[in-house]
Amino acid sequence: MTRREIREEIFRLLFRIEFYSEEELEEQLQFTADEGEASEADAAYIQNKIRDLAGRVTEIDDMINAVARGWKTGRMGKVDLTLIRLAVYEIKFEEDIPTGVAINEAVELAKRYGTDGSSSFVNGILAKIV
């Protein structure tokens, strides 16, 4: 899988977290291994990143809420919020991913999965975080 495909898979799994309990996380992560699209190494990377990110959601949401005027995480669309969380995680906790890449990838995924205004919204929030 390419880095972009891996990031998109992480986005899809992270989006599921909104609809399942923490106890069901491992079952949801198993879908990555079972689908067979990812190599064993890619599946392990995806699963480890999701686990780490899921454990930091409160911290990440606090960062988002600190800059999002009038749009706290509870009011944000789930697609937009998930993309922002992923990008913030990559910006703040992944040293090997350049900030510009994290933002650009989040904006591109927002264009694909979000509403007409999602890419601008995601870009605006991320610009305030960096």
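Residues numbered from 1 in each chain as written. Predicted model: local features only at pLDDT ≥ 70, side-chain atom pairs only at ≥ 80, totals over all residues. Heavy atoms only, no water.

Peer 1: Got a minute to help me understand the pattern of salt bridges in this structure?
Peer 2: Note on pairing: side chains with opposite charge can pair once their charged atoms come close. Within the structure shown, the criterion is met by 12 salt bridges. Salt-bridge contacts for R3 lead to D96; the nearest nitrogen and oxygen are separated by 3.5 Å. With R3 in helix 1 (residues 3-17) and D96 in the loop between helix 5 (78-93) and helix 6 (99-113), this pair connects stretches of sequence that are 93 residues apart. Residues E94 and K49 are paired through a salt bridge, measuring 3.5 Å at the closest nitrogen-oxygen approach. Pair noted here: E94 is in the loop between helix 5 and helix 6 and K49 is in helix 3 (residues 40-55), with a separation of 45 residues, a long-range link. A relative accessible area of 11% places E94 in the buried class. (Salt bridge = Lys/Arg side-chain N within 4 Å of Asp/Glu carboxyl O. Helix = DSSP H or I, 4+ residues; strand = E, 2+ residues; numbered from the N terminus. Buried < 20%, exposed > 50% of the residue type's maximum accessible area, 1.4 Å probe, protein only.)

Peer 1: What exactly am I supposed to notice about the layout of surface pockets here?
Peer 2: Where empty space is left can be seen by rolling a probe of water-molecule size over the atoms. Each pocket or cavity is described by its volume, and for the largest pocket that value is around 210 Å³. For the largest pocket, the full set of lining residues is I17, Y20, S21, E22, E24, L25, Q28, R51, A54, G55 and V57. If you list the elements that add at least two residues to the lining of the largest pocket, you get helix 2 (25-35) and helix 3. Residue contributions to the lining of the largest pocket peak at three residues, all from helix 3. Among the residues making up the lining of the largest pocket, the classes are represented as five nonpolar, three polar and three charged. (1 Å grid on protein atoms, 1.4 Å probe; cavity = no way out; pocket = protein on both sides within 12 Å on 5 of 7 lines; lining within 4 Å. Points joined across faces, edges and corners; volume = space filled by probe spheres on them. Nonpolar A, V, L, I, M, F, W, Y, C, P; charged D, E, K, R; others polar.)

Peer 1: What is the right way to read a negative patch on the surface from this model?
Peer 2: Negative charge collects at one region of the surface, where E22, E23, E24 and E27 lie side by side. Along the chain, E27 falls in helix 2. (Patch = residues over 30% accessible without salt bridge, like charges linked within 9 Å, V, L, I, M, F, W, Y side chains within 5 Å. Areas by Shrake-Rupley, 256 points an atom, 1.4 Å probe, with all protein chains shown as cover. Lys, Arg positive; Asp, Glu negative; His and termini not counted. Charge placed at Lys NZ, Arg CZ, Asp CG, Glu CD.)

Peer 1: Explain the packing of helix 1 against helix 5 here, please?
Peer 2: Relative orientation and spacing of two packed helices are given, respectively, by the angle between their axes and the distance between those axes. Between helix 1 and helix 5, whose axes approach to 10 Å, the crossing angle comes to 125°. Taken together, the axes of helix 1 and helix 5 lie oblique to each other. The hand of the helix 1/helix 5 crossing is right-handed. Counting all contacts with helix 1, which are made through R7, I10, F11, L14 and F15, the residues of helix 5 involved are K78, V79, T82, L83, R85, L86 and E90. Its residues assigned to classes, the contact of helix 1 with helix 5 comprises seven nonpolar, one polar and four charged. (Axes fitted to C-alpha atoms, helices over the stretch in contact; angles between N-to-C directions. Parallel < 35°, antiparallel > 145°, perpendicular 65-115°, else oblique. Left-handed = near helix turned anticlockwise from the far one by under 90°. Contact = heavy atoms within 4.5 Å.)

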